[in-house]
Amino acid sequence: MRVGIVGAGSMGQAHAAGWVQTEATLVGFLSNEQTSAEVLARRYGARTFANYRALLDEVDVVDLCVPTDLHYELALQAAQAGKHAVCEKPLALSLGEAKAMIDVCHDAGVRLFVAHVLRFFPQYRSAADAVRAGHLGDLGVMRFKRVSYPPHAGQASWFADEERSGGMIFDLMIHDLDYARWLGGDVTRVFAKSVRSTHPGANGDYALVTLRFASGAMALVEGGWVYPPGVFRTGFDLAGTDGLIEWSSDDTEPVHRYLRGEAGSAAAVGLPLTVLPEDPYTTEIKHVYEALRDDTPFLVAPEDAFEALRLCVSARESLRRGRAVRPEEVA
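Reading the values: rules and limits
Residues numbered from 1 in each chain as written. Predicted model: local features only at pLDDT ≥ 70, side-chain atom pairs only at ≥ 80, totals over all residues. Heavy atoms only, no water. Pairing = 2+ DSSP bridges. Helix = DSSP H or I, 4+ residues; strand = E, 2+ residues; numbered from the N terminus. Contact = heavy atoms within 4.5 Å. Axes fitted to C-alpha atoms, helices over the stretch in contact; angles between N-to-C directions. Buried < 20%, exposed > 50% of the residue type's maximum accessible area, 1.4 Å probe, protein only. Polar contact = N/O pair within 3.5 Å; in protein donor to acceptor, adjacent residues only side chain to side chain. Salt bridge = Lys/Arg side-chain N within 4 Å of Asp/Glu carboxyl O. Core = buried A, V, L, I, M, F, W, Y, C linked by side-chain atoms within 4.5 Å.

K.L.:
Tell me about the sheet that holds strand β2 (residues 25-30), and name the residues and values.
P.N.:
Within the open sheet, the 6 strands sit side by side as β3-β2-β1-β4-β5-β6. Their pairing is parallel. Two strands bound the open sheet, and with one partner strand each, they are β3 (47-48) and β6 (112-115). Inspection of the sheet shows strand β1 (residues 2-6) paired to β2 by 5 bridges, in the parallel sense. Looking across to β2, one finds that I5 is bridged to F29. Seen against the sheet, helix α1 (residues 10-19) touches β1, β2, β4 (61-64), β5 (84-88) and β6 and runs at an angle of roughly 165 degrees to β1. Helix α9 (residues 280-294) contacts β4, β5 and β6 of the sheet and is inclined by roughly 170 degrees relative to β6.

K.L.:
Please provide a residue-by-residue account of the side chain of S165, values included.
P.N.:
Looking at the element boundaries, S165 is found in helix α7 (residues 162-165). S165 sits in the buried class, given a relative accessible area of 0%. Only 2.5 Å separates the side chain of S165 from the backbone oxygen of F159, close enough to count as a polar contact. In this view, S165 contacts T68, P90, L93, W158, F159, F170 and D171; residues no more than four positions away in its chain are not counted.

K.L.:
For the pattern of salt bridges, give the residues involved together with the corresponding values.
P.N.:
Any two side chains of opposite charge can pair if their charged atoms end up close together. For the structure shown, the criterion picks out 22 salt bridges. Among the ionic pairs, R326 bridges to E329, the shortest N-O distance being 3.9 Å. Ionic contacts of the salt-bridge type, sharing partners, join the residues E317, R320, R321, R323, R326, E328 and E329 into one network.

K.L.:
Any chance you could break down the environment of V62 for me, citing the residues and the numbers?
P.N.:
Within the secondary structure layout, V62 lies in strand β4. When the C-alpha atoms of V62 and S94 are compared, they prove to be 22 Å apart, with 32 residues separating the residues in sequence. Among residues more than four places away in sequence, those in contact with V62 are G4, V6, Y52, L55, L56, A78, H84, A85 and V86.

K.L.:
Please provide a residue-by-residue account of the nonpolar core, values included.
P.N.:
Residues W19 and L211 are the most contacted members of the largest nonpolar core, which totals 101 residues. Among the elements that line this core, the one with the most residues is helix α8 (residues 168-184), at 11 residues. Excluding residues within four positions of it along the chain, L211 makes contact with L177, A180, V187, R189, V190, A217, M218, A219 and L311.

This is the structure we're talking about:
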């Protein structure tokens, strides 16, 4: 299996470190930042490519670690060339483009994996396993937090450009919107409120999104680019009829679990984590490699990525309309 990576920024670096932990051959890199691509090529004994067509001619899998506005065109070219595609989240900037990407890959007989890496973080994966095992009973209320600092200038400046990234909700909050839907199932209503910094030169963006699920459960998702540089906090609590699971990135303890028990039993026990010997990006890439090698399902189906994007679009529409919206309303 021969792999080429498009993009040599933070995600290109993270994915490259993952691919070299598999038996795939990392052929090379293509990037507008030629110096960065050359550094990675030297590090991994790979090549740099002058253009996308040259890279596609040499690989079986293309890994797109580029700004979101480039996903659509590059994924379509990969499918037309008969190459499998790994695509960083979000899948696209619009539902129309996202659907076209899925359809073209399907029609071309190639596979599309969208890198929703949160599903591969051990804290989130172990909590999801506990929910699916029925330890919480029926889910009632889920709360998620993901608040960081505004993107830096330079190579990362495109994050703050909504025409390229979709903005904070599409780029950052989508992690927890996808995870909430993964646990809660179909979403019937989305309501969002946001605040943006008016300070000169600032690009802070903060939002709260409330999801109502067909099951009757609800989720409150908090996201923002508002903290001082270097501060990035995440966390969740999942409450059900039989207990609570919670975790915060500030904790020094494992995920906590508080379950209903027999009278007189302990009120809480720690939920052991499956501590992985690698970062979640490597775990994610190993999963992709194994799924392609063995022709097994991806943990993140393209349709999952589409629905996560639909929740982002719904949140944006809720902000625009000033009311709750149903996901099926948006296009």
